[in-house]
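One letter stands for each residue in the lines below.
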Amino acid sequence: MSNNRPGPEIADSFDLGLVHRPRRNRKSEWARRLVRENVLTTNDLIWPMFVAAGDNLRTPVASMPGVDRQSVDQIVRSAVEAAELGIPAIALFPYTDNALKDAEGSEALNPDNLVCQAARAIKKEVPDVGVIIDAALDPYTSHGHDGVIADGRILNDETVARLVRQSVIQAEAGADVIAPSDMMDGRVGAIRDGLDAAGFQDVQIMSYAAKYASAFYGPFRDAVGSGALLVGDKRTYQMDPANGDEALREVALDVEEGADMIMVKPGMPYLDVLHRVKKEFGMPTFAYQVSGEYAMIEGAARNGWLDGDKAMLESLLAFKRAGADGVLTYFAPRVARKLRGAG
Ligand SMILES: NCc1[nH]cc(CCC(=O)O)c1CC(=O)O
Ligand SMILES: [Mg+2]
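Every value quoted in this text rests on a predicted model; they were computed, and no experiment measured them. (Residues numbered from 1 in each chain as written. Chains lettered and ligands numbered in written order. Predicted model: local features only at pLDDT ≥ 70, side-chain atom pairs only at ≥ 80, totals over all residues. Heavy atoms only, no water.)

A count of helical and extended segments in the protein chain gives eleven helices and twelve strands. Projected onto its principal axes, the C-alpha positions of the protein chain cover 85 × 45 × 40 Å. Per-residue burial for the protein chain yields a buried fraction of 52% across its 343 residues. Within the protein chain, contacts between residues at least 6 apart in sequence are counted, and of these 75% link residues at least 24 apart. In the form shown here, the protein chain has an accessible surface area of approximately 16,600 Å², with 50% of it arising from carbon and sulfur atoms. The distance from the centre of the 38 positive side-chain charges to the centre of the 49 negative ones in the protein chain is 9 Å. (Helix = DSSP H or I, 4+ residues; strand = E, 2+ residues; numbered from the N terminus. Buried < 20%, exposed > 50% of the residue type's maximum accessible area, 1.4 Å probe, protein only. Contact = heavy atoms within 4.5 Å. Areas by Shrake-Rupley, 256 points an atom, 1.4 Å probe, with all protein chains shown as cover. Lys, Arg positive; Asp, Glu negative; His and termini not counted. Charge placed at Lys NZ, Arg CZ, Asp CG, Glu CD.)

On to helix 5 (residues 187-197), then. Listed as buried for helix 5 are Arg 187, Val 188, Gly 189, Ile 191, Arg 192, Gly 194 and Leu 195. In the core, the buried residues of helix 5 are packed alongside strand 5 (130-135), helix 4 (156-173), strand 8 (177-180), strand 9 (204-211) and helix 7 (245-256). Positive phi appears at Gly 199, one or two residues downstream of helix 5, with a value of about 90°.

Moving on to the packing of aromatic side chains. Each aromatic ring pair is specified by the distance between its two centres and by the angle formed by the two planes. Inspection of the entire model under this criterion finds nine aromatic pairs. When the ring of Phe 50 is compared with that of Phe 93, the centres are 6.1 Å apart and the planes differ by 45°; the resulting orientation is tilted. Taken as a pair, Phe 50 in strand 1 (residues 45-52) and Phe 93 in strand 4 (residues 89-94) lie far apart in primary sequence, 43 residues in all. Judged on exposure class, the residue Phe 50 and its partner Phe 93 are both buried. Through pairs of rings, three or more aromatic residues link up here, namely Phe 50, Phe 93, Tyr 208, Phe 220, Tyr 288, Tyr 294, Tyr 330 and Phe 331. We note Lys 211 situated over the ring of Tyr 217; from NZ or CZ to the ring centre the distance is 5.4 Å. Of note, Lys 265 hangs over the ring of Tyr 288, and the distance from its end group to the ring centre comes to 5.1 Å. (Phe/Tyr/Trp six-rings, centres within 6.5 Å; stacked < 30°, edge-to-face > 60°. Lys NZ or Arg CZ within 6 Å of the ring centre and 35° of its normal.)

Looking at the element boundaries, Val 255 is found in helix 7. By relative accessible area, which is 26% here, Val 255 ends up partly exposed. Along the primary structure Val 255 and Ser 207 are separated by 48 residues, whereas in three dimensions their C-alpha atoms are 8.8 Å apart. Ignoring anything within four residues of it in the chain, the contact list for Val 255 reads Ile 262, Phe 281 and Met 283.

Right, let's get into the packing of helix 3 (residues 114-125) against helix 4. Running from N to C, helix 3 and helix 4 point in directions that differ by 30°, and their axes come no closer than 8 Å. What the angle tells us is that helix 3 and helix 4 run roughly parallel. Across from Val 115, Cys 116, Ala 119 and Arg 120 in helix 3, the residues of helix 4 making contact are Ile 169, Gln 170 and Ala 173. A breakdown of the residues in the contact of helix 3 with helix 4 according to their chemical character gives five nonpolar, one polar and one charged. (Axes fitted to C-alpha atoms, helices over the stretch in contact; angles between N-to-C directions. Parallel < 35°, antiparallel > 145°, perpendicular 65-115°, else oblique. Nonpolar A, V, L, I, M, F, W, Y, C, P; charged D, E, K, R; others polar.)

Together, Arg 21, Arg 23, Arg 24, Arg 26 and Lys 27 give the surface a local cluster of positive charge. Its place among the elements puts Arg 24 in the segment before helix 1 (29-35). (Patch = residues over 30% accessible without salt bridge, like charges linked within 9 Å, V, L, I, M, F, W, Y side chains within 5 Å. Salt bridge = Lys/Arg side-chain N within 4 Å of Asp/Glu carboxyl O.)

For the rest of this paragraph, the subject is helix 2 (residues 72-85). Across its 14 residues, helix 2 extends 20 Å between first and last C-alpha, which sits within 8% of the 20 Å expected from 1.5 Å per residue. Listing the buried residues of helix 2 in full gives Val 72, Gln 74, Ile 75, Val 76, Ser 78, Ala 79, Ala 82 and Leu 85. Buried residues along helix 2 sit against strand 1, strand 2 (58-60), strand 3 (68-71), strand 4, helix 3 and helix 11 (332-339). Looking one or two places after helix 2, you find Gly 86, whose phi comes out positive at around 85°. (Expected span 1.5 Å × (residues − 1).)

Following this line, the structure appears as structure tokens:
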């Protein structure tokens, strides 16, 4: 040292007298594996897909790099891929031509609409892959809202009546699970009654029970073509991001009304809600890693700012740690390949 002032003595090592050294259990890969508390498996994955009109068509969604809208024949191929990869279920969302949209979302009630066509085709080709279809009007309405509107208000009960019909039509097309994503009050019970009355006692309901009015749905709205149309926002039906206790009350109602599975959405910004919901109800509980979360990770990865594979796996494992039984994620096929060791 050029400094000639006497400095403090720094010992090379000293005895801290530690009883507990948590690092012992992290000292090698085998030790880390031995004490690992949570694990992500292919059984945890639900793969959301966008169905579009046409034949042999795949159109990239600009704000979701790596995700395409697919025509029905391509969706069937992806469903086959899901089966081969061991992904238990897929979720279908339609990209509806603007010409088919109206204020009431009538196309939702067309038994030959895109999601119904896709469900029928998938069930014919790969019956063992679970098919989940949203019950909500927003991909079909000219204003982009999940319900019917009068005097600028989203009407609850009138919307629920339509969701019941939509659910039955989707079940007739082969949907194994109906996933109400609209956040109208009372829709789970009404859909349950409607499905039962139509003979679909075994069709499950996965309720978007605690769904927040979130900025993270932006890319999805591009993908289904509702973003540019949306008038205003969804804060009169989707939840206020400031609220946690309210999520428990929303979930309690959906469980009471007969939901078989519940969902918290978005995912990563709401891990606390996910954890509380799983703890409180012990229900099969799912997280939706939404389009904006996917875009953040994938966008950063493609810019070289993040290790994409590592961020993907870490983000999904976090859902398991927080209590999720499964995750809807656009990463599903990539994770499944990774978990299988095929990169
Ligand atoms: N009600 C439709 C619906 N179903 C799933 C999502 C979002 C999924 C995603 O962002 O990946 C939305 C959008 C919304 O409520 O505006
Ligand atoms: Mg509710």
